[in-house]
Amino acid sequence: MEKEYISISLAKPDTHQLDAVQKGAVALGLTGLALLLITAFGVTFSNNALWLAISIGAIMVGAVVYAQRTYLNQPAGIRNNGVYFKSLTSRGALGWMAGIVLTLFYILLYWYPQYLGLGKDGAPNTGLVALFDPLSQFLKGEPASQWFMYGALYTLAILAFGFKFILKYRHNRYQLFRTISVMFFQLGFAFLLPEFLIRLNYPYNDFKEMWPLNYDFFDEWSVNSFLDSGNLGLFMLLFGVAMIFIISPVLTYLYGKRWYCSWVCGCGGLAETAGDPFRHLSSKKLSAWRLERWSIHLVTVFAILMTVGVVTSYLSEVARAQLIWGLVILLLLIGVLVAFFRRKHFNGQTRAIFLSVAALMAGVVLIHYFATPAKILFVDSQKLRSAYGFAIGAAFSGVIGVGFYPLLGSRVWCRFGCPMAAILGFQQRIFSRFRITTNGGQCISCGNCSTYCEMGIDVRSYAQSGQNIVRSSCVGCGICSAVCPRGVLKLENGSPNNRMKEDPAFIGNADNLMEYIKK
Amino acid sequence: MDHIVIIGNGIAGATAARHIRKLDNACRITMISEETDYFFSRTALMYVFMGHMQFEHTQPYENDFWSRNRLELLRDRVMAVDTDRKELRLQTGEVIRYHKLLLATGSLPNKFGWPGQDHQGVQGLYSKQDLELLEEYSATTERAVIVGGGLIGIELAEMLHSRNIPVTMLVREKNFWNSVLPDEESAMISRHIKEHHIDLRLESELEEILADSNGRVKAIKTKKGEEIECQLVGLTVGVHPNISFLEGSGIETNKGVLVNRRLETNVPDVYAAGDCAEQRQAIGERKAVEQVWYTGRMMGEVVAQNICGKRVEYAPDNWFNSAKFFDIEYQTYGWVWSKPKENEASLYWEHQDGKKALRLVYNTTNGALLGVNAFGIRLRHEVCDSWIRQKVHINEVVKALETANFDPEFYRRHEKAIRKHFKGRTAIA
Ligand SMILES: Cc1cc2nc3c(=O)[nH]c(=O)nc-3n(C[C@H](O)[C@H](O)[C@H](O)COP(=O)(O)OP(=O)(O)OC[C@H]3O[C@@H](n4cnc5c(N)ncnc54)[C@H](O)[C@@H]3O)c2cc1C
Ligand code: SF4
Ligand code: SF4
């Protein structure tokens, strides 16, 4: 087999070492990080504001200097040299170490925040969380929680690595604009605005995070808190509903799901910036794709049913029946529409969609007849919710989704576990103007596109046979197009008719031949 | 049951195998290669060396694709072909019988008999084994010299540069690839090569390669008498068909295996496709031996039809090709010669950053578009192709430039500047 080829990573590994300035910058950044870390081991500084400023400043300056030194002293272009030689980015020892450290951090964050310094039962914060007290006091007038600390670090990561990403892809204005966009939405909508809202005594709300990603948006306490907050609260509730039922379908029809996944979403934002050095680690195996199809549909069905269960538990008899039968009709309608749009290609994917719709329909009817406020389908609803929160909200999106960046690639969560991505993807596949066009016969089958697709899509298999790429999982990051050395791929919006070009005729060969081949 | 044997698992052989299977579900198909177990993309070798990809990423199909389609793979070397008995003799001593034989054996790097060309550390870049050799030599290389300024030469320069190995490039012409590119483009690329700190020596030719006492390269001498110390010499002065094993087989050869339009050789049931095939009568302005990926694919498609009893001619449409010179992408459609031919003129625009350019070649008697060179701007194959095929007038083309743009969204557009620059410059008799 091809095993002997491993030798390739042994030759001249030293040439990928850093120069003095890069080393200094890395040292500075790591010092900043270390300052944050030692607080996690119980060291508490006397002047938190100062130390936070120093450590964050060191991280930012380190990142900026490193990125400038790395990318600005050479001409702009694709810079993936040595990606598969570096330990950190090729699942080497450093990659594993980074994965383990990140994962540990998430475990502490979700289940043992006291070790990060969270003061229990009104006790003052210490350590890492205390470091963020001054910032939290400044923004919302209360001490930091572990979530505030996490939000701040998350935003910091998107900003710092976003800057690096921008320098790396500075020749590519699609990458430039979309990265500025995710940086803006993270800083403004995910981090600052919700904190200000709390300061003004409004409910915490991240306007861009819609249900089902924000899975408890329709919970009784959530809806009540909106209803209790006057006009602005009502607006938030209506905006949230409009987001999922009007705004997002329209935008997805016009631009594909990328408007959200690669331009707005915070999970996507972190994946595209901090996760960029690991994007090639996504599995391209057929088995991964099969798993993806199962898991993404299951998660979606589960997320929707759970919400329906929770909502019905606080509605009146009548409203509840209306909701249930309304949903059944909606699902029937979706089924009919899918059957219509996919009548010419009834394949495994269509089957999966039908199965999901059928499961949903069965589920809501069962909920109607068997669910009680305390129990969704015979299972304690409180337990079910915390199980979901644990399995999907924490374990999946955090521990595996981010903690495993250096091992499984940057979009594991988006690919296997995000119900939002599933719903948007479903629409992208069936009813959207978005596609990736392939350019005639210019593909040389080199494989750059497939290697660097973070969603594990085998882009090359489409490009080399002249087909357009219309895939529900494509988040429209545009990296396949960026790394293609022959200018074969273009993300485009256009008429939905013949979007897939499933019967492609290669340009370049005699016309009559294509007829023969089609026969 | 017919046994169809294909020598070579490159793009020509692999494409033919896939299409034969589509056309004939019953026949037995065997693909033999000495190079690798599975078909891989030769064009991606550079990315493996630069650490962008691992070797398995260059394989366009998953490994079980071949067995699922009952395409038998054999890793061996064909030593001789006996066309009377319809037998192949393999290096392992095995003998294989065929009903139909496809020769898709590709190329070998040229060596022009330079003194010292067989020293250790002197190599071409074509096969996977060449890449492994390069891996070995480059580990002990302080400076490398590349002889020849073609597409593979510049790739080799970029590869070595990515490992921080200083590179000197000897180019015979007065600018890089000037035998193919017109002067302006050629000068632009030369500037870009230097921007990447490649020591580009123009109008320089190799005289001799010198070795140390262990037989390893230690320097080269140029015709101008310069001596350049180096431990690695890359010979990238073109390739020639890999057909020496056919001697005495009765299959007619010239530079390559001679074939007619249906890619049949002089011997019944023996066909040839890809780099190793030579058209008895060149097609239009095309070369008789075509050595690019695309022609390999197209010949593979055609030869499959003929092997399966359909009569289809290899009749390629407009020429097209593409490459990437460090960071500058290049696409070409139709014919753009380094020096205009009779009744030809062109419009040329270059961006002030020196990394984007567009040349439109047209016929001066009727204004028809003949060819396009694009640098740093992606163009739509379909549009350029139909302009050339339909002989669209150059002025119409300039008006409609936007429809051909294939750059990613939000890229700065240059059509207006280009139109302004071209205004009033077309000269039609
Ligand atoms: C580094 C590099 C970069 C390139 N980049 C481009 C590009 O960007 N665009 C482009 O259009 N073209 C490019 N080319 C050219 C392109 O790769 C070739 O034209 C194409 O691969 C030829 O395909 P083929 O199927 O004819 O032969 P090959 O791919 O050479 O396959 C022939 C196979 O047959 C095997 N073989 C030969 N003789 C025997 C025997 N006697 N027994 C058993 N097996 C045998 C060989 O080992 C080889 O594996 C590039 C070439 C190289 C080397
Ligand atoms: S197919 Fe391209 S645009 Fe879509 S997710 Fe993959 S790399 Fe990004
Ligand atoms: S990167 Fe471009 S040339 Fe390479 S396989 Fe993908 S589409 Fe084809």
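Source: prediction; values computed, not measured. (Residues numbered from 1 in each chain as written. Chains lettered and ligands numbered in written order. Predicted model: local features only at pLDDT ≥ 70, side-chain atom pairs only at ≥ 80, totals over all residues. Heavy atoms only, no water.)

Our next topic: the overall build of chain B. Within chain B, the regular secondary structure consists of ten helices and 25 strands. The C-alpha atoms of chain B give 23 Å as radius of gyration, which agrees with the globular expectation for 429 residues (22 Å, within 12%). With the C-alpha coordinates aligned to their principal axes, the bounding extent of chain B is approximately 65 × 60 × 40 Å. Residue pairs in contact within chain B that sit at least 24 positions apart in sequence constitute 61% of those at least 6 positions apart. Accessible surface, chain B: about 17400 Å² in total, of which carbon and sulfur atoms supply 46%. For chain B, the separation between the mean place of its 55 positive charges and that of its 60 negative charges on side chains is 5 Å. (Helix = DSSP H or I, 4+ residues; strand = E, 2+ residues; numbered from the N terminus. Rg over C-alpha atoms; globule rule 2.2 N^0.38 Å. Contact = heavy atoms within 4.5 Å. Areas by Shrake-Rupley, 256 points an atom, 1.4 Å probe, with all protein chains shown as cover. Lys, Arg positive; Asp, Glu negative; His and termini not counted. Charge placed at Lys NZ, Arg CZ, Asp CG, Glu CD.)

With that settled, the discussion passes to the packing of helix H5 (residues 133-140) of chain A against helix H7 (residues 173-199) of chain A. Residue and element names in this part refer to chain A. Put simply, H5 and H7 touch, their axes get as near as 8 Å, and they point 65° apart. Here Leu135, Gln137, Phe138, Leu139 and Lys140 of H5 lie close against H7, whose contacting residues are Phe191, Leu192, Glu195, Phe196, Ile198 and Arg199. Of the residues in the contact of H5 with H7, the class split is seven nonpolar, one polar and three charged. (Axes fitted to C-alpha atoms, helices over the stretch in contact; angles between N-to-C directions. Nonpolar A, V, L, I, M, F, W, Y, C, P; charged D, E, K, R; others polar.)

With 68 residues of chain A at the interface, the matching set in chain B holds 76 residues. Where chain A touches chain B, the interface holds four salt bridges. Here Arg258 of chain A makes a salt bridge to Glu409 of chain B, at a shortest N to O gap of 2.8 Å. At the level of elements, H7, strand E3 (434-438), helix H19 (448-452), helix H21 (479-483), strand E4 (489-493) and helix H22 (511-518) of chain A are the ones that each hand at least two residues to the side of chain A that touches chain B. Broken down by element, the side of chain A that touches chain B gets its largest block of residues, five residues, from E4 of chain A. Its residues assigned to classes, the side of chain A that touches chain B shows 30 nonpolar, 24 polar and 14 charged. (Salt bridge = Lys/Arg side-chain N within 4 Å of Asp/Glu carboxyl O.)

The next subject is the site of ligand 3. Residues in close proximity to ligand 3 total 13 residues, the closest being Cys443, Cys446, Gly447, Cys449 and Cys484 of chain A. Breaking the shell around ligand 3 down by element, the ones donating at least two residues are H19 and helix H20 (459-463) of chain A. (Near = heavy atom within 4 Å.)

We now examine helix H11 (residues 266-273) of chain A. Residue and element names in this part refer to chain A. With seven of eight residues buried, H11 lies mostly within the body of the structure. Listing the buried residues of H11 in full gives Gly266, Gly268, Gly269, Leu270, Ala271, Glu272 and Thr273. On its buried face, H11 is in contact with helix H6 (146-168), H7, helix H10 (258-261) and helix H16 (405-408). (Buried < 20%, exposed > 50% of the residue type's maximum accessible area, 1.4 Å probe, protein only.)

Attention shifts here to the domain arrangement of chain A. All names here are of chain A. We note that the domain assignment places domain 1 (14-75 + 112-199), domain 2 (87-102 + 202-432) and domain 3 (433-518) within chain A. Measuring from the centre of the C-alpha atoms in domain 1 to the corresponding centre in domain 2 gives 28 Å. Of the residues lining the interface, 24 residues belong to domain 1; the matching set on domain 2 comes to 24 residues. In total, about 2000 Å² of surface goes out of reach between domain 1 and domain 2, with carbon and sulfur atoms giving 65% of it. Seen at the junction of domain 1 and domain 2, the total is two salt bridges. For Lys168, the salt bridge is made with Asp276, and the minimal N-O distance between the two is 3.0 Å. (Domains from an automatic or database assignment. Buried area = accessible area lost by both parts, 1.4 Å probe.)

Here we come to the sheet that holds strand E5 (residues 87-90) of chain B. All names here are of chain B. Reading across from one edge, E4-E5-E6 is the order of the three strands in this open sheet, with antiparallel pairing throughout. At either end of the open sheet lies a strand with only one pairing partner, and these are strand E4 (78-82) and strand E6 (95-97). Taking the axes of each pair of neighbouring strands and ignoring which way they run, one obtains an average angle of 20° across the sheet. In this sheet, E6 lies alongside E5 in antiparallel orientation, the contact comprising three bridges. Pairing of Glu87 across the sheet is with Arg97, part of E6. (Pairing = 2+ DSSP bridges.)

Let us now look at the packing of helix H2 (residues 48-72) of chain A against H6 of chain A. Residue and element names in this part refer to chain A. Taken N-terminus to C-terminus, the directions of H2 and H6 make an angle of 10°; their axes are 9 Å apart at the nearest point. Our classification of the angle between H2 and H6 gives roughly parallel. In the crossing of H2 with H6, the sense of the turn from one axis to the other is right-handed. Contacts between H2 and H6 pair Ile56, Ile59, Met60, Ala63, Val64, Tyr66, Ala67, Gln68, Tyr71 and Leu72 from the former with Leu156, Leu159, Ala160, Phe163, Lys164, Leu167 and Lys168 from the latter. For the contact of H2 with H6, the per-class residue count stands at 14 nonpolar, one polar and two charged. (Parallel < 35°, antiparallel > 145°, perpendicular 65-115°, else oblique. Left-handed = near helix turned anticlockwise from the far one by under 90°.)

Another aspect to go through is the packing of aromatic side chains. Evaluated as defined, the whole model comprises 43 aromatic pairs over all chains. Plain terms: the ring middles of Phe184 of chain A and Phe185 of chain A are 5.2 Å apart, the flat faces sit at 75° to each other, and that makes the pair edge-to-face. Residue class for Phe184 of chain A comes out partly exposed when judged on its relative accessible area of 48%. Here the aromatic rings of Phe176 of chain B and Phe325 of chain B are separated by 5.6 Å at their centres, their planes lie at 75°, and the arrangement is edge-to-face. A residue pair is termed long-range when its members are at least 10 positions apart, and Phe176 of chain B in the loop between strand E11 (167-171) and helix H6 (183-195) and Phe325 of chain B in strand E21 (residues 320-325) qualify at 149 residues. (Phe/Tyr/Trp six-rings, centres within 6.5 Å; stacked < 30°, edge-to-face > 60°.)

Taken together, Ile436, Cys453, Met455, Ile457, Val459, Cys474, Val475, Gly476, Cys477, Gly478 and Cys480 of chain A make up all the residues around ligand 2. Within the shell around ligand 2, the residues separate by chemical class into nine nonpolar, two polar and no charged.

All right, on to the sheet that holds strand E7 (residues 100-103) of chain B then. Residue and element names in this part refer to chain B. Here we have five strands laid out as an open sheet, ordered E3-E2-E1-E7-E19, and parallel in their pairing. With one partner strand each, in any of the chains shown, strand E3 (71-75) and strand E19 (270-272) form the two edges of the open sheet. Taking the axes of each pair of neighbouring strands and ignoring which way they run, one obtains an average angle of 20° across the sheet. As paired elements, strand E2 (residues 28-33) and E3 share five bridges and run parallel to each other. Residue pairing in the sheet places Met31 in a bridge with Leu73 of E3.

This part is about the pattern of salt bridges. Counted by the stated rule, this structure contains 47 salt bridges over all chains. Between Glu195 of chain A and Lys140 of chain A there is a salt bridge, with the nearest N and O atoms lying 3.0 Å from each other. Highlighted residues: Glu195 of chain A in helix H7 and Lys140 of chain A in helix H5, separated in sequence by 55 residues. With a relative accessible area of 11%, Lys140 of chain A lands in the buried category. Notably, a salt bridge pairs Asp37 of chain B with Arg75 of chain B, separated by 3.2 Å at the nearest N-O pair.

All right, on to unusual backbone geometry then. Trans peptide bonds make up most of the peptide bonds, and negative phi angles are found at most residues other than glycine. Across the junction of Trp211 of chain A and Pro212 of chain A, the peptide omega takes the value 5°, indicating a cis bond. Relative to the helices and strands, Pro212 of chain A is located in the loop between H7 and helix H8 (220-227). The phi angle at Arg91 of chain A is positive, at roughly 55°, despite the residue not being glycine. Tracing the sequence through the fold places Arg91 of chain A in the loop between H2 and helix H3 (93-111). Located in the positive-phi region is Phe410 of chain B, a residue other than glycine, with phi close to 75°. Look at Phe410 of chain B and you get partly exposed, because its relative accessible area is 39%.

Counting 126 residues, the largest nonpolar core has Leu88, Leu103, Leu160, Ile189 and Leu360 of chain B as its most contacted members. Sort the elements by how many residues they give to this core and helix H7 (residues 293-307) of chain B lands first, with eight residues. Setting aside its immediate chain neighbours within four residues, Leu160 of chain B contacts Phe49, Leu134, Ser138, Ala144, Ile146, Ile165, Val167 and Leu232 of chain B. Counting 79 residues, the second-largest nonpolar core is a separate cluster that includes Tyr84, Trp413, Cys418 and Phe434 of chain A. (Core = buried A, V, L, I, M, F, W, Y, C linked by side-chain atoms within 4.5 Å.)

Residue and element names in this part refer to chain B. By the criterion of burial, strand E24 (residues 357-363) is predominantly enclosed, with seven of the seven residues buried. The alternating pattern of E24 places Ala357, Arg359, Val361 and Asn363 and Leu358, Leu360 and Tyr362 on opposite faces, both of which are buried. Bridge count between strand E23 (residues 344-350) and E24: seven bridges; the pairing is antiparallel. If you follow Tyr348 over to E24, its bridge partner there is Arg359. Joining the antiparallel neighbours E23 and E24 is a turn of six residues, in which Gly354 adopts a positive phi near 70°. Looking at chain direction, E24 and strand E25 (residues 369-375) are connected through six bridges and run antiparallel. Looking across to E25, one finds that Ala357 is bridged to Phe375.

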